Amino acid sequence: MNSVKSKQQEVGMIRLKKYKNNPVLKPNPENDWENLVVCNPGVWYENGVFSMLYRAAGNDKEHYIRFGLATSTDGVNFTRVSDEPVFYPSSDGPDMGGVEDARIVKFDDEFYITYAYRPFPPGQYWKFDHDVVLLPKSGENTPLVYKNNIANSGLAISKDLRNFKRLGRITTSNLDDRDVILFPEKIHNKFVMLHRPKEWIGEEYGVDNPAIWIRFSEDLMVWEEKSVLLLRGINGTWEEKIGGSTPPLKTKDGWLVIYHGVENGGQGYYRVGAALLDLEDPTKVIGRLKDWIMEPEHDYEIEGYYNGCVFPTGNTIIDDTLYVYYGAADKYIGLATCDINVLLKQLNDSFNV
């Protein structure tokens, strides 16, 4: 009895270690397009350079969101590459309301960036009720995506993270489907995507709150195969509502998935969890920690435009260290790390208590 209890206490108690000089990137008062918000970065590491494609916004009432780019050789000291955004909302396209939360993978010699967008700017949402955004004037026959200012997800490609081509929407227009993340390689000759359709809740879907789904495709722009429920939230815990956070990382033990969980049905603190998927069949969850591995605790994570939020969107493994980059309180960017072998051991043990 005591040995079982002691093992249960050990499993899932790993915590990511936050960089002592966080935030690693803050709003820049010199640039009006990023003087209010800098958060939720996509990150890529290659040839000794960290490239960070970060979400940024200024103090405009519409709250237009753009992407800036910063680079680093040590992972903690980042330098902006330009005083201008590298990726804007389009002038008259479906993402003209704002672009946000880039996730980056690479196939061949091109980066593939999934990102969320709206057809109309959301406004300064922290001043509104929960889940309320600005709505455009519309008529009776206006499509739902525009009438309700629904967030969709799109795909862009780039060779240098400075110049981009928009390929278009990869989710269903009448679903708020964000946290859309690609696996960094094909599995059995198919691309793989994680996504989180907000409206897929209730008895028909088997979940009480938005959850993480997985789907496959032979073409990155055509996602018509049926999605499979991968991870669901757990009522009464820190992770009632969940969504994917960072691109899955291939490890010797499985696909490492870092995800976010929200308490109180999605209206409380955002924390971070970890799961492990089978390498050959990523619909199989082979490990999941019961406890969170990171939570809001410092001023820069608790005081901002979403108070009490840590939201990872970029990660990489270098030698034996896992780097996790995250948005803090929807205002800053932080870094947290851990020994990947310790995390994998706890994930492997998590289903064997």
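Residues numbered from 1 in each chain as written. Predicted model: local features only at pLDDT ≥ 70, side-chain atom pairs only at ≥ 80, totals over all residues. Heavy atoms only, no water.

> Can you lay out the pairing of strand S16 (residues 255–262) for me, pointing to particular residues and giving the numbers?
Counting buried positions along S16 gives eight out of eight residues, so the element sits mostly inside the fold. Burial of S16 is two-sided: the residues Trp255, Val257, Tyr259 and Gly261 facing one way and the residues Leu256, Ile258, His260 and Val262 facing the other way are all buried. Pairing analysis gives four bridges linking strand S14 (residues 241–244) to S16, with the strands arranged antiparallel. Bridging from a neighbouring strand, Ile242 pairs with Gly261 of S16. Bridge count for strand S15 (residues 249–250) against S16 is two bridges, and the pairing is antiparallel. (Buried < 20%, exposed > 50% of the residue type's maximum accessible area, 1.4 Å probe, protein only. Helix = DSSP H or I, 4+ residues; strand = E, 2+ residues; numbered from the N terminus. Pairing = 2+ DSSP bridges.)

> Quick one: what's the story with unusual backbone geometry, residue by residue and with numbers?
For the peptide bond that leads from Asn22 to Pro23, omega is 0°, which places it in the cis range. Within the secondary structure, Pro23 is located in the loop between strand S1 (17–18) and strand S2 (37–46). At His63, a residue that is not glycine, the phi angle is positive and equals roughly 60°. Secondary-structure assignment places His63 in the loop between strand S3 (49–57) and strand S4 (65–72). With a phi angle near 55°, Asn264 is a residue other than glycine that sits in the positive phi range. Here Asn264 is to be found in the loop between S16 and strand S17 (270–277). Judged by its relative accessible area of 54%, Asn264 falls in the exposed class.

> So what's going on with the side chain of Glu240? Which residues, and what values?
Along the chain, the position of Glu240 falls in the loop between strand S13 (228–231) and S14. There is no salt bridge for the buried Glu240, and the closest opposite charge comes from Arg271, which lies 10 Å off by N-O distance. Looking at Glu240, its side chain comes within polar contact range of the main-chain nitrogen of Gly236, at 2.7 Å. Setting aside its immediate chain neighbours within four residues, Glu240 contacts Asn209, Gly233, Ile234, Asn235, Val262, Glu263, Asn264 and Gly265. (Lys, Arg positive; Asp, Glu negative; His and termini not counted. Salt bridge = Lys/Arg side-chain N within 4 Å of Asp/Glu carboxyl O. Polar contact = N/O pair within 3.5 Å; in protein donor to acceptor, adjacent residues only side chain to side chain. Contact = heavy atoms within 4.5 Å.)

> Account for the packing of aromatic side chains, with residues named and values stated.
One pass over the full model with this rule turns up 23 aromatic pairs. Residues Tyr115 and Tyr117 carry aromatic rings whose centres are separated by 5.9 Å and whose planes lie at 45° to one another, so their mutual orientation is tilted. Considered together, Tyr115 and Tyr117 belong to a single accessibility category, that of buried residues. Centroid distance Tyr205 to Trp213: 6.3 Å. Interplanar angle 85°. Geometry classified as edge-to-face. We classify Tyr205 as partly exposed; its relative accessible area is 25%. An aromatic cluster of at least three residues, connected via ring pairs, comprises Tyr45, Phe50, Phe78, Tyr323 and Tyr325. The ring of Trp292 is capped by Arg15, whose NZ or CZ atom sits 3.7 Å from the centre of that ring. (Phe/Tyr/Trp six-rings, centres within 6.5 Å; stacked < 30°, edge-to-face > 60°. Lys NZ or Arg CZ within 6 Å of the ring centre and 35° of its normal.)

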